[in-house]
Amino acid sequence: MLAQRLSGLHPYVPGEQPTDRDYIKLNANENPYPPHESVGQAVQRAAAEQLPRLGLYPDPDVDSLRAEIAAMLNATGGCLGNTRVDGTACTPDERNRLPFTVTPDMIYCGNGSDEVLSFVFYTFFDGDRPLVQPEFSYSFYPVYCGFYHIPMQSVPLLPDWHLDTEAMLRAANETDSSIILANPNAPTGIALSRDEVRQMLKRAPADRVFVVDEAYCDFAAESCLPLLAEFKNLVIVRTFSKSLSFAGMRLGYIVAAPELVRAVFTVKNSVNHFPVDFITKTAAEASCRAAWYYAQNARRIISERDDFAAFLRGRGWFVIDSSTNFVFARKDGRSGDEIYQAAKHAGILIRLFRTPGIENFVRISIGTHEQMAALKKVLEVL
Ligand SMILES: *Cc1c(COP(=O)(O)O)cnc(C)c1O
């Protein structure tokens, strides 16, 4: 009874979300801080005062939300951790000031960036040539390649875990292919500088879309948003899940040239006109207006991250320099599974990838100061 195509599907496996015990969750890169109270109030108001609207279809283009996201990006430069906050006003730091104004027609919104990425794959990548991607990156990319029958070319990382940008460019130019990369990368946590991405874009096929997934950029030093002024083939994918404490509500978006955004709308309107419902739209708009609060949280997470990395290194761990809200680390003499089990036994979930090559690393999301103190206690005696 099942369609044949189903036998070729290999679904993505997210970090576990168990319900058997109240774990400290440091396994899915969720934000440990709750959404700002104004987000809850906006949702309550929407349900109480605008109840009839919940019975009607929402705005299929979410125009007001796209305007709020554009305003947030213009005010923060896409790098919350470095945004200057004065009261509730945000301004980008020097390095992230945009050389142009982001406009709503440059933005597409969907039901989490996983869905947005799926539409990006459908819109821009054909089955007639491989999509170039780093060997260890977001594991949804290979899943979508399988789903849409797009061949992949995985390029191994350098021995120091950085992306091999030269090898990726060689591969892309050989087959006139698109490149997708997460920057900062996951699960390694390493960021390319904006200038390194610029150099890649200059040498990559200009007639193919180049995708930069900025899921963790708010915890990094630089966003690639300014490059949109130079490169019409650049598609930036971002999410509210991590830096905006929104993983339970689902909102992801694209920033790109309006022609490319329009193409993604065409795909969306061939699948589901309304991936962003009225409640989510309301909550997301309130979140954009509270960017100052999330900027402060991003800064706290960055400082906790750097402190935790120093703690691990002080105890002999190998820790990759992180530009994200997690660290990727291993300890000689301990298997990834031993570390994972020890934490789980103490009621703390961290992420273990059983993928050969990274099987002894664990990926630890940065939680609150108290959560990290609890984890440190466990790791101290490991
Ligand atoms: C978490 C993550 C996403 C997906 O985020 P959602 O918006 O929650 O679907 C996309 N890309 C990368 C690299 C991520 O780590």
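Nothing here was measured: the structure is a model prediction, and the numbers come from that model.

Things to note about the pattern of salt bridges
Close approach of charged atoms allows side chains with opposite charge to pair. The final tally for this structure, using the stated rule, is 21 salt bridges. Across the salt bridge formed by R95 and E222, the nearest N and O atoms sit 3.5 Å from each other. Separated by 127 residues along the polypeptide, R95 in the loop between β3 (89-91) and β4 (107-110) and E222 in the loop between β8 (210-213) and β9 (234-239) bring together distant segments of the chain. Assessed through its relative accessible area of 45%, R95 is described here as partly exposed. Given the relative accessible area of 18%, E222 is considered buried.

Some words on the pairing of β4
A two-sided burial pattern is seen for β4, the buried positions comprising I107 and C109 on one face and Y108 and G110 on the other. Two elements, β4 and strand β10 (residues 252-256), share four bridges in a ladder whose sense is antiparallel. Residue pairing across strands places Y108 opposite I254, the latter belonging to β10.

Some remarks on the environment of V235
By the element assignment, V235 lies in strand β9. Residue classification places V235 among the buried positions, given a relative accessible area of 1%. Spatially, the C-alpha atom of V235 lies 9.9 Å from that of M106, the residues being 129 residues apart in sequence.

Quick look at unusual backbone geometry
In this structure, P184 follows N183 across a cis peptide bond, with omega equal to -5°. Examined against the element boundaries, P184 turns out to sit in the loop between β7 (179-182) and α6 (194-203). For H149, which is not glycine, the phi torsion reads 55° and is therefore positive. A residue is classified by how much of its surface remains accessible, and H149, at 61% relative accessible area, is exposed. Of note in this structure, S245 is not a glycine but carries a positive phi near 50°. Counting through the fold element by element, S245 comes out in the loop between β9 and β10. Since its relative accessible area comes to 10%, S245 is described here as buried.

Here we look at the site of the ligand
In the region of the ligand, the neighbouring residues are G112, S113, D114, Y138, D213, A215, Y216, T239, S241, K242 and R250. For the ligand, an oxygen atom lies 3.0 Å from a polar atom in the backbone of D114. A distance of 2.5 Å is found between an oxygen atom of the ligand and a side-chain nitrogen or oxygen belonging to Y216. Protein coverage of the free-state accessible area of the ligand, which is 390 Å², stands at 93%. The dominant element in the shell around the ligand, judged by the number of residues it contributes, is helix α3 (residues 112-124), at three residues. The residue makeup of the shell around the ligand, split by class, is three nonpolar, four polar and four charged.

Comments concerning the sheet that holds strand β12 (residues 326-330)
Taken together, the five strands give an open sheet; going across it, the order is β1-β13-β14-β12-β11, and neighbouring strands pair in mixed fashion. The open sheet terminates on both sides in strands that have one partner only, identified here as β1 (24-26) and β11 (318-319). Relative to strand β13 (residues 348-352), β1 runs parallel, the two being bridged by three bridges. Residue pairing for β13: I24 is matched across the bridge by I348. Packing of helix α10 (residues 336-345) onto the sheet brings it into contact with β13 and β14 (362-365), and relative to β13 it is tilted by some 160°.

A short note on the packing of aromatic side chains
Under the criterion given, the structure shown has 24 aromatic pairs. With a centroid separation of 4.6 Å and an interplanar angle of 20°, the aromatic rings of Y12 and F140 are classed as stacked. Of this pair, Y12 sits in the segment before β1 while F140 is found in helix α4 (residues 140-148), placing the two residues 128 residues apart along the sequence. Take Y12: its relative accessible area is 22%, and that puts it in the partly exposed class. For the pair W292 and Y293, a centre-to-centre distance of 6.2 Å together with 70° between the ring planes defines the contact as edge-to-face. Here the aromatic cluster, defined as three or more aromatic residues joined through ring pairs, consists of Y12, F121, Y122, F125, Y138, F140, Y141, Y144, F147 and Y148. One Lys or Arg, R300, reaches over the ring of Y33 and ends 4.2 Å from the middle of that ring. Just above the ring of F326 sits the side chain of R363; from NZ or CZ to the centre is 5.6 Å.

Rules used in this analysis
- Residues numbered from 1 in each chain as written.
- Predicted model: local features only at pLDDT ≥ 70, side-chain atom pairs only at ≥ 80, totals over all residues.
- Heavy atoms only, no water.
- Salt bridge = Lys/Arg side-chain N within 4 Å of Asp/Glu carboxyl O.
- Helix = DSSP H or I, 4+ residues; strand = E, 2+ residues; numbered from the N terminus.
- Buried < 20%, exposed > 50% of the residue type's maximum accessible area, 1.4 Å probe, protein only.
- Pairing = 2+ DSSP bridges.
- Near = heavy atom within 4 Å.
- Polar contact = N/O pair within 3.5 Å; in protein donor to acceptor, adjacent residues only side chain to side chain.
- Areas by Shrake-Rupley, 256 points an atom, 1.4 Å probe, with all protein chains shown as cover.
- Nonpolar A, V, L, I, M, F, W, Y, C, P; charged D, E, K, R; others polar.
- Contact = heavy atoms within 4.5 Å.
- Axes fitted to C-alpha atoms, helices over the stretch in contact; angles between N-to-C directions.
- Phe/Tyr/Trp six-rings, centres within 6.5 Å; stacked < 30°, edge-to-face > 60°.
- Lys NZ or Arg CZ within 6 Å of the ring centre and 35° of its normal.

Geometric descriptors of this kind do not, in isolation, establish any biological role.
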